[in-house]
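# Chain and residue survey
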Amino acid sequence: MVKKIKNLKEFSLSNDRFEGANLMCPGCSHNIIVREVLNATDDPVIVATATGCLEVCTAVYPKTSWDVSWIHIGFENAAVAAATVSAAYEVMKKKGKLPPATQKMVDEGREPKIVAFAGDGGTYDIGFQSLSGAFERGHNFMYVCLDNEVYANTGGQRSSSTPIGASTTTSPAGSVSYGEKMMKKSMVEIMADHGAPYVAQVSPSKWKDLVKKVQKGFEVYGPVYINAQSACTTEWKHAPEDTIEVSDLGVDSCVWPLYEIINERDEHGIIYSTKLNITYRPKTKIPVEEYLAAQPRFRHLFKPENRHIIDLWQKAVDARWEYLQKREEAGV
Amino acid sequence: MAKKYELNEVEVWDGNMAAAHALRQAQVDILAAYPITPSTPIVQNYSKFLADGYVDGEFIMVESEHSAMSGCVAASAAGVRAATATSSQGFALMVEVLYQASGMRLPIVLTVVNRALAAPLNVNGDHSDMYLGRDAGWINLCSYNPQEAYDLTLMAFKIGEDLNVRLPVMVHQDGFICSHTAQNVKPMQDEEAAEFIGEFKPVNSMLDVSNPVTHGVQTEEDWHFEHKARQHHDLMNSVETIKKVFKEFEDRTGRKYDMVYTYKMDDADVAIFALGTTVESAQIAADQMREKGIKAGVVSLRVLRPFPFNEIADVLGNVKAIGVMDRSAPGGTFGAMFNEISAALLARGKSPVVLNYIYGLGGRDTTIEMLKGVYEDLAKSAEAGEAVVPLQQFVGLRGPKLAFY
Amino acid sequence: MARDLKEIKDINEIKDLGWDELIPGAALFSFTEPVEDVAEVPMEERPYAPTNSHEWQVGDWRVEKPVYNRDLCIDCQFCWVFCPDMSILSRDKKMIGVIYEHCKGCGICVEVCPTNPKSLLMFPEHMDNDEALSMWPKKEEKDK
Ligand SMILES: Cc1ncc(C[n+]2csc(CCOP(=O)(O)OP(=O)(O)O)c2C)c(N)n1
Ligand code: SF4
Ligand code: SF4
Ligand code: SF4
Ligand SMILES: [Mg+2]
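Residues numbered from 1 in each chain as written. Chains lettered and ligands numbered in written order. Predicted model: local features only at pLDDT ≥ 70, side-chain atom pairs only at ≥ 80, totals over all residues. Heavy atoms only, no water.

## Remarks on the overall build of chain C
What chain C contains, in helices and strands, is four helices and five strands. In chain C, the succession of helices and strands from N to C terminus is α-β-β-α-β-β-α-β-α. Taking 15 Å as the expected radius of gyration for a compact globule of 144 residues, we find that chain C reaches 19 Å, considerably beyond that expectation. Expressed along its principal axes, the backbone C-alpha trace of chain C runs to roughly 70 × 35 × 25 Å. Taking all 144 residues of chain C together, the buried fraction comes to 55%. Summarising the internal contacts of chain C: among those between residues at least 6 apart in sequence, 50% fall at separations of at least 24. Only carbon and sulfur atoms are counted for the fraction: they give 50% of the accessible area of chain C, which is about 7300 Å². (Helix = DSSP H or I, 4+ residues; strand = E, 2+ residues; numbered from the N terminus. Rg over C-alpha atoms; globule rule 2.2 N^0.38 Å. Buried < 20%, exposed > 50% of the residue type's maximum accessible area, 1.4 Å probe, protein only. Contact = heavy atoms within 4.5 Å. Areas by Shrake-Rupley, 256 points an atom, 1.4 Å probe, with all protein chains shown as cover.)

## Here we look at the coordination of the magnesium ion (ligand 5)
When four donors bind a metal tetrahedrally, each ideal donor-metal-donor angle is 109.5 degrees, and when six bind octahedrally, the ideal angles are 90 or 180 degrees. Residues and elements named next belong to chain A. In the first shell of the magnesium ion (ligand 5), the protein supplies D120 (OD), N148 (OD1) and V150 (O), at 2.0 to 2.1 Å from the metal. Read in sequence order, the donor residues coordinating the magnesium ion (ligand 5) give the pattern D-x27-N-x1-V. Of this pair, D120 sits in helix α6 (residues 120-125) while N148 sits in the loop between β4 (142-147) and β5 (173-174), and the two are 28 residues apart along the sequence. The exposure classification of D120 matches that of N148, with both residues buried. (Donors = N, O, S within 2.8 Å, 3.2 Å for Na, K, Ca; no water.)

## A closer look at the interface of chain A and chain C
Taken residue by residue, the interface counts 45 residues in chain A and 48 residues in chain C. Carbon and sulfur atoms make up 60% of the area that chain A and chain C hide from each other, which totals about 4000 Å². Broken down residue by residue, the surface that chain A buries against chain C is led by A:N15, A:R35 and A:Y61, which jointly contribute 17%. Scanning the region where chain A abuts chain C turns up four salt bridges. Connecting chain A to chain C are 22 residue pairs in polar contact (both at pLDDT 80 or more). Contributing elements (two or more residues each) for the side of chain A that touches chain C: α1 (8-11), α2 (29-39), α5 (100-107) and α10 (243-252) of chain A. Counting residues per element, the side of chain A that touches chain C draws most heavily on α2(A), which supplies five residues. (Buried area = accessible area lost by both parts, 1.4 Å probe. Salt bridge = Lys/Arg side-chain N within 4 Å of Asp/Glu carboxyl O. Polar contact = N/O pair within 3.5 Å; in protein donor to acceptor, adjacent residues only side chain to side chain.)

## Re the interface of chain B and chain A
Of the residues lining the interface, 43 residues belong to chain B; the matching set on chain A comes to 43 residues. In this assembly, chain B packs against chain A so that about 3300 Å² is buried in total across both faces, 64% of it on carbon and sulfur atoms. Taken together, chain B and chain A are joined by three salt bridges. For A:R137, the salt bridge goes to B:E63, with nearest N and O atoms at 3.0 Å. At the level of secondary structure, the elements contributing two or more residues to the side of chain B that touches chain A comprise β3 (58-61), α3 (65-78), α4 (88-103) and β9 (213-215) of chain B. The leading source of residues in the side of chain B that touches chain A is α3(B), at nine residues. Among the residues forming the side of chain B that touches chain A, the class breakdown is 19 nonpolar, 17 polar and seven charged. (Nonpolar A, V, L, I, M, F, W, Y, C, P; charged D, E, K, R; others polar.)

## Brief notes about helix α10 (residues 309-317) of chain B
Side chains of residues three or four places apart in an α-helix project in the same direction, reflecting 3.6 residues per turn. Residues and elements named next belong to chain B. Those residues of α10 that fall on the buried side of the exposure criterion are I312, A313, L316 and G317. Projected down its long axis, α10 shows its buried positions confined to an angular sector of 115°, all on one face. Tucked into the core, α10 has its buried residues touching β10 (260-263), β11 (270-273), β12 (296-301), β14 (321-326) and α11 (336-347). (Arc of directions from axis to C-beta.)

## Notes on the site of ligand 3
Taken together, 13 residues are adjacent to ligand 3, and C:C73, C:C76, C:Q77, C:C79 and C:C113 come closest. A per-class count over the shell around ligand 3 returns nine nonpolar, three polar and one charged. (Near = heavy atom within 4 Å.)

## Examining unusual backbone geometry
Cis geometry marks the peptide bond from B:A119 to B:P120, where omega comes out at -10°. Of note, B:P120 is situated in the loop between β5 (109-114) and α5 (128-132). A cis amide bond, omega -5°, links C:N116 with the succeeding residue C:P117. Here C:P117 lies in the loop between α3 (108-112) and β5 (120-124). The backbone phi angle of A:C254 is positive, close to 65°, even though this residue is not glycine. Mapped onto the elements, A:C254 comes out in the loop between α10 and β9 (259-265). In this structure, B:R166 takes a positive phi of about 45° despite not being glycine. The class of B:R166 is buried, set by a relative accessible area of 7%.

## Things to note about the pattern of salt bridges
Residues and elements named next belong to chain B. Counting across every chain of the model gives 56 salt bridges over all chains. The shortest N-O distance in the salt bridge between R305 and D135 comes to 3.6 Å. Within this pair, whereas R305 is found in strand β13 (residues 303-305), its partner D135 is found in the loop between α5 and β6 (139-142), the two being separated by 170 residues in sequence. Judged by relative accessible area, which is 11%, R305 ranks as buried. Relative accessible area serves as the criterion here: at 51%, D135 is assigned to the exposed category.

## Here's the deal with the domain arrangement of chain C
Residue and element names in this part refer to chain C. Looking at the assigned domains, one finds that chain C contains domain 1 (1-55) and domain 2 (57-136). In this complex, domain 1 contributes five residues to the contact, which on the side of domain 2 involves four residues. Surface buried jointly by domain 1 and domain 2 totals about 360 Å² across both partners, of which 49% is contributed by carbon and sulfur atoms. On the surface where domain 1 and domain 2 come into contact, there are one salt bridge. Here R91 and E44 are joined by a salt bridge, their closest N and O atoms 2.6 Å apart. Grouping the amino acids of the side of domain 1 that touches domain 2 by side-chain chemistry returns two nonpolar, two polar and one charged. (Domains from an automatic or database assignment.)

Written as structure tokens, this is what we have:
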């Protein structure tokens, strides 16, 4: 059942099912994303989480921060965990053996939503196989990547989501290195190419955009991928209070474009249309430099010998923005 | 409703078909699996049962064994019956999740068709995979033929799902020699099997949205030890349930299972200890030795974990010499079974001669002649009251004799 | 036999549990009794289990705390939506205050508060809230 959320005041009527006194860093975006996702629905939610900050900080025995059923198995299997819970749910539903309270919800048209949360490490890297498999099989669940572009939980090592020039503990900037050498992997397109009915990129700072996308995702049947920008005060090295500002800079510089890809299928499951919609257009597109300057993980790029990386960044962001706009225009 | 499968009183099934029928009769809710020789036919057979309307649950053919076991863990935590099958490399890929399954106390059933581990790659039977998983906190049941593979797979559900146990269970059978060799099997009828296993009893089901539960927590130095202790305690104590289920099964079928399997051990002077299909070959060798006047017996484990420490010391304590057959490359020490059996004997104050034989790796034929050779060694050592051959020997191997100690 | 963690009311009792008292598999429960429709039940009315982190505190992580000034607040709920720690209490579309047991002092709520002067400001942890309110700054002139 789609929850009515016209504005923020209405949204604030939500009763959080994610609890305080968890052990996430002050100012952590992961938490903001989790709240916004869970509060996007009043239907029951069941969560699977990959090893990573969110997991090690919200289920440390003897405390749980979850008011929904939750499972963590390992680092690389959040997708299959959520997918199989979904399959188990469907089998029990078919057999008429759901627990009574759950059956009651189902009868009221409030089917449980099954959501996986995983970091970029658990998604772009080690969990990619499990994610790809679960999407190919078409299970009905939502996968949310908390993308802080680094292995935060283990002390800030690079992932294939780490953008070029970032200094991480395994791609440190040094006298002969500007830090990470590779561009970020384009996960959103990769997941859309799996034929998923709905794929989107979001930022917690644009809460309404995020909530709307999550609601759309909950409405379709099949695997849904949400790539969520997650500013990490510890590894991006900005002050905790700047989390929302840094996120906004990412969105307004088009480093983190907000868009969705919808694969529409006919009754045989054949995709007859793929549409990309840009869901947020900055009034004025700010220079990438401002985004980089807000995060000490890029500080070294401002040295004369590394300035070319900032130029490269701008070029790459412009090209990508251009690409997205072209796709949107072409309706593909 | 799943269709009833019409079964004859005696079917001719190989080990894979036997295991597949047991999984079908258990009406597993989620079977998540990935094919690998020699266990592939289990999932193929199961898929066919599903395609023909004999299964109500779902078969998910995942993209790896890691996901197969992860899927089983998630399904089991969701409160449904989950099972899978694998061998060798697939088993190795599952190892991480095997520990998660047992640590989370989920009664998953895994049918393992034992096969060698690469490198070099090899598709044939040995016990490398079984040994790899032996400390993973699972109950391990061992079969020697298709009938037992069937029986033990049925019993695995009942044992693991018992509210005093709640642990995952592996059922081992030898690759090819058991899995691909058709023999007579007496199955239960579907209703009887279902009644024997009983309905799955969910514990802390994630699907009950009114009782949110957190599965798979983090525990650090202040809690991990206690949880592992609890797990070990419950695994050790599962013996009671295992024996109870064995008894109930015997009452229904007349087929008797014990923690330790023995053959002609009452008066034996020398004994071969082995696992898997070698147990049956060793019995033939023992009979032939007895014709020559050597009192030979055979001992095996029906339950590898929890290890029947006392029973093993009891049945082997009074023989003069024991040949422990380990079908897995020992990797720089004695075979694992040699170590465990020697420890049980020593700790119980028994001191027969114990010899270790590494054999049958990668499916190398285990001949009666070879086993008789082992008995000869044992007989000589028994007579001398000490080992007259090296303590560890590779048998059935080409090239110069390989032996240590 | 495992003691039912749900039945333990006192957090301190949990800390001393021996191995024999643990729930197999280390499962944790959110509530002491079933809650049919969690999303409909506000936190004041939930039967939180002692194993729910809601019952615990992280307030001592702070060096500075956000202080709330009701007089200036326009109830926009920015602070509510962006607080990472569920520490802004809102009811019926009104901001009510900060849940200090759970607030980690990140300062996000202050940053996103749009009023001028702000309706939330950071003050030293040890300062009394009334004192903080008495020191509230005046409206800031925006430089043109
Ligand atoms: C199989 C395995 N390999 C490595 C690890 C160690 N490890 C745990 S979390 C983690 C990084 C998590 O990074 P990410 O997925 O981006 O999540 P974040 O902590 O950044 O939210 C690593 C490397 C592990 N737990 N399991
Ligand atoms: S390290 Fe980053 S992602 Fe992890 S809890 Fe801290 S702020 Fe959040
Ligand atoms: S952000 Fe400021 S104005 Fe808005 S509700 Fe919070 S305290 Fe009030
Ligand atoms: S300081 Fe941070 S944790 Fe505390 S109320 Fe404000 S936003 Fe929430
Ligand atoms: Mg990360």
